[in-house]
Amino acid sequence: MANTNKSVISALYNDDDVMLKSIKPLRENGFKIREAYTPFPIHGLDHELGLARTRIAITAFIYGALGLSVAIALTYYTMIIDWPQNIGGKPSFSFGQNVPAFVPIMFELTVFFAAHLMVWTYFVRNGMYPGRKAMNPDPRTTDDMFMLEIEYDGDDSELRSLLKDTGAVEINIVDQSTDEPSDSEEEVLEETV
Amino acid sequence: MHYESPVREPLITGDKSYHDITVDVAKPIETNAPRSWWIALSISLIAFLWGVGCILYTIGTGIGTWGLNRTVNWAWDITNFVWWVGIGHAGTLISAVLLLFRQKWRMSINRSAEAMTIFAVVQAALFPGIHMGRIWLAYFVFPIPNQFGSLWVNFNSPLLWDVFAISTYFSVSLVFWYVGLIPDFAMLRDRAIRPVQKHIYSILSFGWGGKAKHWQRFEEVSLVLAGLATPLVLSVHTIVSMDFATSVIPGWHTTIFPPYFVAGAIFSGFAMVQTLLIIMRKMFKMEDYITIQHIEMMNIIIMVTGSIVGIAYITELFMAWYSGVEYEQYAFLNRATGPYWWAYWSMMTCNVFSPQFMWFKKLRTSIMFTFIISIVVNIGMWFERFVIIVTSLHRDYLPSSWTMFSPSFVDIGIFIGTIGFFFVLFLLYARSFPVIAQAELKTILKSSGENYKKLQEQDHGKH
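Residues numbered from 1 in each chain as written. Chains lettered and ligands numbered in written order. Predicted model: local features only at pLDDT ≥ 70, side-chain atom pairs only at ≥ 80, totals over all residues. Heavy atoms only, no water.

Draft legend 1. The arrangement of the overall build of chain A in detail. Along chain A, the regular secondary structure elements total 6 helices and 6 strands. Its helices and strands taken in sequence order, chain A reads β-α-β-α-α-β-β-α-β-α-β-α from the N to the C terminus. Counting every position in chain A, which comprises 193 residues, the buried fraction comes to 47%. Counted over contacts in chain A with a minimum sequence separation of 6, partners at least 24 positions apart contribute 74%. (Helix = DSSP H or I, 4+ residues; strand = E, 2+ residues; numbered from the N terminus. Buried < 20%, exposed > 50% of the residue type's maximum accessible area, 1.4 Å probe, protein only. Contact = heavy atoms within 4.5 Å.)

Now the structure itself:
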């Protein structure tokens, strides 16, 4: 583990605006928000959390360019080099003169590559695959609850009072099963809830 | 923050909370099906099985079982193909084009409209497949050397463009639909009580947890896919129209075909969305989400695209006369006054005349009337393709080979079979998939939900 003395608390909110407003005071007080789980995309959440812009659209452009190249190579090789044919008195000996007929193929393959490879990239970057265990720790976060996971050091009383002030309806210690000492720590902390 | 002008009607009626949306969307899956669902499924299944029988008979015996002849060598098969592809277009238009235009009313209908797209394209793809005759040689359409020697497919041919267009369209629509479905499958997974159900939705939801970064990527992917799907959907019917427009048959060889086909596709697709959603909202009590306003919006689109189609018909007639080409002139005269006059005038009545009723607010907000018009439009659009295809072919350049076309029971059986198959797929979808994009819909609850809009107005009154 990168940081064993960091503990994590999860705060549940029952309203998206309340959760969104609570992020700023938390971050200003030096707490790091590790993750947010929400049932739907919340406008401005990525900005509040300080997430970088996603570059997935750039990958789509690159994949599209790849698709276009594949289409050019395919039509050029099959129709001009490998087996040029004289179709309806219009011989296909030059790519330049035949390229208008290949535009639909080029367009379709550009879209095909851009769309499919981007979606594959999306799955890979998100770590999503069929049958993966649910990534949200609380099943209510796909219904109507909004969860923040916040890291803290040592004493959690400051964080707890801050969370209560910002409108959190439920506060739990996250059991980090990979962290060995968290067991004893958790018991102590749970008495203070 | 969630402000929307009070002039706009609420898109979600009833006092809904986020949890209510979850419950309402999950209800058709978690409860037993209404009797009407079983009746509809049984009828569709019978029609589907009848179609399977006719398809097997065609494959086993040959295309001779159809009503085609030497003169009319394309008829119901290609009519049905174009009809089904066209119906599919509305789904992509709703989910992609209306997303780019930020039309919020798309959110409660886009899931089902996209499902309709996918199921309609499945039906469409069946027809060229079986029309090949030897369907086991279907791999000939892929860019691999024929018989694995050295002869390739012909990239000059619009029929091959069609293969690429339809397969790209189908697969891209499918992933677009699925990317949007994942968060909703996750919602069903987290609610499921029965282990089998939980397991299935767990596999389908890919482990989705609604992390902030994942939502950020989700929105970007949706936007880019919408941007890609928009020109794609226009390209598909453009290329379908080129199957005809690049030929030298009078009545086909016209440059107006691509925009005219695309408008017709959207027209018929929205009509099919109306047919399906009016049944669905009643069967599964979705009236709070698919409101009269949604139906009215779609009726306006039907009216506009129907009028575009009407202008295209008239332009075609004018151009036939203005071109001075004798064959072209005859083809159109023959359509309107020849032996297939009834098909032409059915098309004109259903497609040009009937949508004009939508100018009246009373009519376009009437559910019963909308339902009737939606079926009339689809009958009309089927006739449009029949008129274009059969009336252009049946009297060609050589009068000695002029003939008529009459479908055999196999032609009719396959067509009815695809309608059955389509409804089987849609009915099964409606009971096992989240029929409304609930995650997306929750984003507009606070701005467009009825109870929240009332609160906004009260707030506004205070100041």
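Let us keep going from here.
Draft legend 2. Region of the structure containing the overall build of chain B. Within chain B, the regular secondary structure consists of 17 helices and 0 strands. Whereas a compact globule of 463 residues would reach a radius of gyration of roughly 23 Å, chain B reaches 24 Å, a difference of no more than 12%. If you line up chain B on its principal axes, its C-alpha atoms span 80 × 50 × 45 Å. In chain B, which comprises 463 residues, the share counted as buried stands at 59%. Across chain B, contacts joining residues at least 24 apart in sequence account for 81% of those joining residues at least 6 apart. Accessible surface, chain B: about 18700 Å² in total, of which carbon and sulfur atoms supply 70%. (Rg over C-alpha atoms; globule rule 2.2 N^0.38 Å. Areas by Shrake-Rupley, 256 points an atom, 1.4 Å probe, with all protein chains shown as cover.)

Draft legend 3. Summary view of the sheet that holds strand β2 (residues 32-37) of chain A. Residue and element names in this part refer to chain A. Here 4 strands make up an open sheet; going across it, the order is β2-β5-β1-β6 and the pairing antiparallel. At either margin of the open sheet sits one strand with a lone partner, and together these are β2 and β6 (170-173). Neighbour to neighbour, the strand axes of the sheet diverge by 25° on average, direction disregarded. Note: strand β1 (residues 6-13) against β6, 4 bridges, orientation antiparallel. Looking at β6, one finds that A11 is bridged to I171. Helix-sheet contacts for helix α5 (residues 157-166) involve β1, β5 (146-153) and β6, and the interaxial angle to β1 is about 15°. (Pairing = 2+ DSSP bridges. Axes fitted to C-alpha atoms, helices over the stretch in contact; angles between N-to-C directions.)

Draft legend 4. Examining helix α13 (residues 367-394) of chain B more closely. When the terminal C-alpha atoms of α13(B) are compared, their 40 Å separation across 28 residues agrees well with the 40 Å that a helix rising 1.5 Å per residue should span. Residue V387(B) marks the point of greatest curvature in α13(B), where the axis turns by about 25°. (Expected span 1.5 Å × (residues − 1). Bend = angle between axes of the 7 residues up to and from the residue.)

Draft legend 5. Representation of unusual backbone geometry within the structure. Residue and element names in this part refer to chain B. A positive phi angle, close to 55°, is found at R102, a residue other than glycine. For F206, which is not glycine, the phi torsion reads 55° and is therefore positive. Judged by relative accessible area, which is 11%, F206 ranks as buried.

Draft legend 6. A look at the interface of chain A and chain B. In this assembly, 63 residues from chain A lie in contact with 57 residues from chain B. Buried area between chain A and chain B, both sides added, is near 5600 Å², and the carbon and sulfur share of it is 67%. Of all residues in chain A, P41(A), E108(A) and Y122(A) give up the largest surface area on contact with chain B, accounting jointly for 11% of the area buried on that side. Summed over the shared surface of chain A and chain B, the number is 4 salt bridges. Two residues, E220(B) and R53(A), come together in a salt bridge whose shortest N-O distance is 3.8 Å. Applying the counting criterion to the chain A and chain B interface returns 24 residue pairs in polar contact (both at pLDDT 80 or more). At 19 residues, the largest contribution of residues to the side of chain A that touches chain B is made by helix α4 (residues 95-126) of chain A. Each residue belonging to the side of chain A that touches chain B can be placed in one class, and the counts come to 39 nonpolar, 11 polar and 13 charged. (Buried area = accessible area lost by both parts, 1.4 Å probe. Salt bridge = Lys/Arg side-chain N within 4 Å of Asp/Glu carboxyl O. Polar contact = N/O pair within 3.5 Å; in protein donor to acceptor, adjacent residues only side chain to side chain. Nonpolar A, V, L, I, M, F, W, Y, C, P; charged D, E, K, R; others polar.)

Draft legend 7. Focus on the nonpolar core. Membership of the largest hydrophobic core comes to 192 residues, with the highest contact counts inside it found for L26(A), I150(A), L163(A) and W84(B). Ranked by residues supplied to this core, first place goes to helix α5 (residues 158-191) of chain B with 18 residues. Here this core spans two domains, since at least three of its residues come from each of domain 1 (6-39 + 144-191) and domain 2 (56-126) of chain A. (Core = buried A, V, L, I, M, F, W, Y, C linked by side-chain atoms within 4.5 Å. Domains from an automatic or database assignment.)

Draft legend 8. Examining the side chain of D243(B) more closely. Residue and element names in this part refer to chain B. Relative to the assigned elements, D243 resides in helix α7 (residues 212-245). The buried charged residue D243 lacks any salt bridge partner; its closest oppositely charged side chain belongs to R385, at an N-O distance of 11 Å. Apart from residues lying up to four places away in sequence, D243 is in contact with F81, P158, L159 and D162. (Lys, Arg positive; Asp, Glu negative; His and termini not counted.)

Draft legend 9. Geometry of a nonpolar patch on the surface. Residues and elements named next belong to chain A. On the surface, L68, I72, Y76, Y77 and I81 cluster together to form a nonpolar patch covering roughly 430 Å² of accessible area. Position of Y76 among the secondary structure elements: in helix α3 (residues 56-82). Residue Y76 is classed as partly exposed on the basis of its relative accessible area, which comes to 37%. (Patch = residues over 30% accessible without salt bridge, like charges linked within 9 Å, V, L, I, M, F, W, Y side chains within 5 Å.)

Draft legend 10. Examining the packing of helix α8 (residues 257-283) of chain B against α13(B) more closely. At a closest axis distance of 9 Å, the pairing of α8(B) and α13(B) adopts a crossing angle of 145°. As for the relative orientation of α8(B) and α13(B), their crossing is left-handed in sense. (Left-handed = near helix turned anticlockwise from the far one by under 90°.)

Draft legend 11. Focus on the packing of aromatic side chains. Using the criterion set out here, one finds 58 aromatic pairs over all chains in the structure. Both rings, one in W76(B) and one in F415(B), keep their centres 5.9 Å apart while their planes meet at 85°; by these two values the pair is edge-to-face. In this pair, W76(B) is assigned in helix α3 (residues 76-100) and F415(B) in helix α14 (residues 409-432), connecting sequence segments 339 residues apart. Judged by its relative accessible area of 12%, W76(B) falls in the buried class. For F415(B), a relative accessible area of 13% translates into the label buried. Aromatic pair W177(B) and Y429(B): ring centres 6.0 Å apart, planes at 40°, arrangement tilted. Taken together, the residues span a long stretch of sequence, with W177(B) in helix α5 and Y429(B) in helix α14 at a distance of 252 residues. An aromatic cluster of three or more residues is present, and its members are Y122(A), F123(A), F119(B), W177(B), Y178(B), F185(B), Y201(B), F206(B), F426(B), Y429(B) and F433(B). (Phe/Tyr/Trp six-rings, centres within 6.5 Å; stacked < 30°, edge-to-face > 60°.)

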